[in-house]
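Structure assessment
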Amino acid sequence: MFPAKIAVVVAGLVLALTVFVYQATVGSLTRSVTDGTTAQVERAAGLFLGQSRLQALEFTNEVSQYARVESLQRVFTLTDETTRRSAAHEAVNALNDDQIAKGHDRRAALVAIVDATGKVVARDLNINSMYGEDLRAAHPAVATALSGTANKDIWEFNHRMYWVACAPIRGTDGKIVGALVVGFEESGHDAQVLRDGFGTEAVLFLDGKIYASSFGEESSEEQTLAKVLFAGPELAGPALKERRQTAPFRVALHGESFVAVAAPLLGNTSHPPAGFVVLSSVDQALLPVGRVGAGVVILGLLAMLIAAATAMFTARSFLVPLDEIEQGVAEIINGNRDYIFEKGSQVYEGLENGLNVMIARLLGRPDPSENGEAMPASMDSVETSETPAQQVTTAISGENQELAREPEDRYLRRLYDEYVNAREQTGEGTKDLNFQGFSQKLKDNEVLLAKKYGTRLVRFKVMIKQGQVTLKPVPIP
């Protein structure tokens, strides 16, 4: 269980580090991206406010130039009403098709001429459309133009949102004889142009209704946004009442979080309840952060697996064999002098062999052979006298008597075959092992042990102890 515990501890540490890095990285990036998105929306709102003022001035000056066209002035020199209407119709159509279309890459939605009383003389397209309507009474911008000042305004016209400029038309004597009215409808295309220019979604509204947005006409996003702008929290209220952009606020559109800013449309004569909202998706902006977080998690899991595997490998290769060596030392201390250090790991193979040699020499028995076979001197099968030391009695068992009478050639061959079979059984292998070398090594040890025990002969038995094959010496008096 010890290696498993190490692996669990290491994996836990890596997991804790992964969680810390994830929270620190993702948290910091989330705050940075959210703050950046909010700043982008605020910046876009400020730019849009400035642009609305400049657009009002530019459009007003443009329509003032159109009002000086000679064909418009000539309309009011005609006394016949029918002729005047026809001339006015031709003049506004020509103006719309030529100068206005070229300047804006599209025709205006409304080009009309009103007389000094504010009533429509003619408009483009249909000569009879709007004829005689009193625009002065309906729209203060017309009255302002008839008083001599060109201006821009926003109208709700034909159930659409129009941005309109009105400029006075003067006769040859310099007196105001009428006014020119030019209007463009706010469309989804305009909102998409704003989106592409400012990098945020754009919504245009008037009098509590959204008329154009970059989300698409009458989209579900429009409907949801209208509820939070004009009902419930009425987030657009401060922009219209205080005539300034609001603080950033959050709005959810179909489960997606947006940060938004509302502001009024400036540069209009009548200060209509018109404005815009710029907004950007926080969730979309945070997608890269999510990918970074996922990458941190994946790297953390891989690191955890690698660390756990490394800990297991280290424990099995170093700690477990070292623990087995420690247990072996304890066995020897407790009196088990026949203990043999097995090859638990290649890392400690040299240490284990060294310990086996040290124990053999301390106990006065032959060193383990070069091929790894240990030949401990076991005294279990003989009895020794106390004085002199290492003297063997003449009484031996019947089994050992048969071992002593066995012819040497047959004994060596039998012992070799038993030794080889035993090593194959324990899985120790028989590489570099041959009968001639085995026999010579055996004879050398027999001579040394015979002198040690003071006997005429020493023979061996094959034993398996603790999973390792050994040769147990048997002294023969």
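Residues numbered from 1 in each chain as written. Predicted model: local features only at pLDDT ≥ 70, side-chain atom pairs only at ≥ 80, totals over all residues. Heavy atoms only, no water.

**Digging into the pattern of salt bridges**
Under the definition given, this model contains 14 salt bridges. Between K102 and D98 there is a salt bridge, with its nearest N and O atoms 3.0 Å apart. One end of the pair, K102, and the other, D98, are both in helix 3 (residues 81–104), four residues apart, so they sit about a helical turn from each other. With a relative accessible area of 64%, K102 lands in the exposed category. Judged by its relative accessible area of 34%, D98 falls in the partly exposed class. The closest approach of N and O atoms between R244 and E242, which form a salt bridge, is 2.3 Å. Residue classification places R244 among the partly exposed residues on the basis of a relative accessible area of 45%. If you follow the salt bridges from partner to partner, you end up with D97, R107, R123 and D124 in one network. (Salt bridge = Lys/Arg side-chain N within 4 Å of Asp/Glu carboxyl O. Helix = DSSP H or I, 4+ residues; strand = E, 2+ residues; numbered from the N terminus. Buried < 20%, exposed > 50% of the residue type's maximum accessible area, 1.4 Å probe, protein only.)

**So, the environment of L29**
Mapped onto the elements, L29 comes out in helix 1 (residues 2–66). Classification of L29 by relative accessible area gives partly exposed; the value is 31%. Not counting chain neighbours up to four residues away, the residues in contact with L29 comprise V289 and V292. (Contact = heavy atoms within 4.5 Å.)

**Re helix 7 (residues 220–230)**
Every buried residue of helix 7 is listed here: E222, L225, V228 and L229. When helix 7 is viewed along its axis, its buried side chains cluster within an angular range of 130 degrees and face the same direction. Buried residues along helix 7 sit against strand 6 (201–206), strand 7 (209–213), helix 8 (237–242), strand 8 (249–253) and strand 10 (274–281). Of the residues one or two after helix 7, G232 is the one with positive phi, at around 65 degrees. (Arc of directions from axis to C-beta.)

**Remarks on a negative patch on the surface**
Where like charges cluster on the molecular surface, the negative patch consists of D323, E324, E326 and E342. Inspection of the secondary structure assignment puts E326 in helix 10 (residues 287–333). Classification of E326 as exposed rests on a relative accessible area of 55%. (Patch = residues over 30% accessible without salt bridge, like charges linked within 9 Å, V, L, I, M, F, W, Y side chains within 5 Å. Areas by Shrake-Rupley, 256 points an atom, 1.4 Å probe, with all protein chains shown as cover. Lys, Arg positive; Asp, Glu negative; His and termini not counted. Charge placed at Lys NZ, Arg CZ, Asp CG, Glu CD.)

**Let's talk about unusual backbone geometry**
The backbone of M130 sits at a positive phi, close to 70 degrees, despite the residue not being glycine. Mapped onto the elements, M130 comes out in the loop between strand 2 (120–123) and helix 4 (135–138). Backbone geometry places H271, a non-glycine residue, at a positive phi of 50 degrees. Of note, H271 is situated in the loop between strand 9 (256–264) and strand 10.

**A word on the sheet that holds strand 10**
In space, the five strands of this open sheet follow the order 7-6-10-9-8, with antiparallel pairing throughout. Only two strands of the sheet have a single partner each, and these edge strands are strand 7 and strand 8. Mean inter-strand twist for the sheet, computed between neighbouring axes without regard to direction, equals 35 degrees. Lying on the sheet, helix 7 is in contact with strand 6, strand 7, strand 8 and strand 10; it crosses strand 7 at an angle near 135 degrees. (Pairing = 2+ DSSP bridges. Axes fitted to C-alpha atoms, helices over the stretch in contact; angles between N-to-C directions.)

**Re the environment of L471**
Within the fold, L471 resides in strand 12 (residues 468–476). Judged by its relative accessible area of 0%, L471 is buried. The spatial distance from the C-alpha of L471 to the C-alpha of L415 is 9.4 Å, given a sequence separation of 56 residues.

**Description of helix 14 (residues 435–453)**
For helix 14, spanning 19 residues, the distance from its first C-alpha to its last is 26 Å, which sits close to the expected 27 Å at 1.5 Å a residue. Three or more residues of helix 14 are buried, namely F438, S439, L442, N445, E446, L449, A450 and Y453. Buried residues in helix 14, looked at end-on, bunch into an arc of 140 degrees, giving them a common side. Among the exposed residues of helix 14, those pointing more than 90 degrees away from its buried face are Q436, L448 and K451. At its buried positions, helix 14 is contacted by helix 13 (408–426), strand 11 (457–465) and strand 12. G454 occupies a position one or two residues after helix 14 and carries a positive phi of about 70 degrees. (Expected span 1.5 Å × (residues − 1).)

**Regarding the confidence of the model for the protein**
Regions with low pLDDT carry predicted coordinates that are not meant to be interpreted in detail. Per-residue pLDDT for the protein has a mean of 84; in total, 91% of the residues score no lower than 70. Within the model, the stretch residues 369–394 combines pLDDT values under 50 with 55 contacts to residues more than four positions away or in other chains. (pLDDT = per-residue confidence, 0-100.)

**Considering the nonpolar core**
Of all hydrophobic cores here, the largest spans 26 residues; its most connected members are F48, M161, L204, L265, F276 and V278. At the level of secondary structure, the elements contributing two or more residues to this core comprise helix 1, helix 6 (188–198), strand 6, strand 7, strand 9 and strand 10. With six residues, helix 1 is the single largest residue contributor to this core. Residues in contact with L265, not counting those within four places in the same chain, are F48, S52, I154, M161, R243, A274, G275 and F276. Core analysis: the second largest hydrophobic core is formed by 24 residues, A108, I113, A167 and V182 among them. (Core = buried A, V, L, I, M, F, W, Y, C linked by side-chain atoms within 4.5 Å.)

**Here's the deal with the layout of surface pockets**
Volume-wise, the largest pocket comes out at about 610 Å³. In terms of lining residues, the largest pocket is bounded by 25 residues, among which Q51, Q55, R106, W163 and D190 are the most central. At the level of secondary structure, the elements contributing two or more residues to the lining of the largest pocket comprise helix 1, helix 3, strand 3 (151–157) and helix 6. Counting residues per element, the lining of the largest pocket draws most heavily on helix 1, at eight residues. Its residues assigned to classes, the lining of the largest pocket comprises eleven nonpolar, seven polar and seven charged. (1 Å grid on protein atoms, 1.4 Å probe; cavity = no way out; pocket = protein on both sides within 12 Å on 5 of 7 lines; lining within 4 Å. Points joined across faces, edges and corners; volume = space filled by probe spheres on them. Nonpolar A, V, L, I, M, F, W, Y, C, P; charged D, E, K, R; others polar.)

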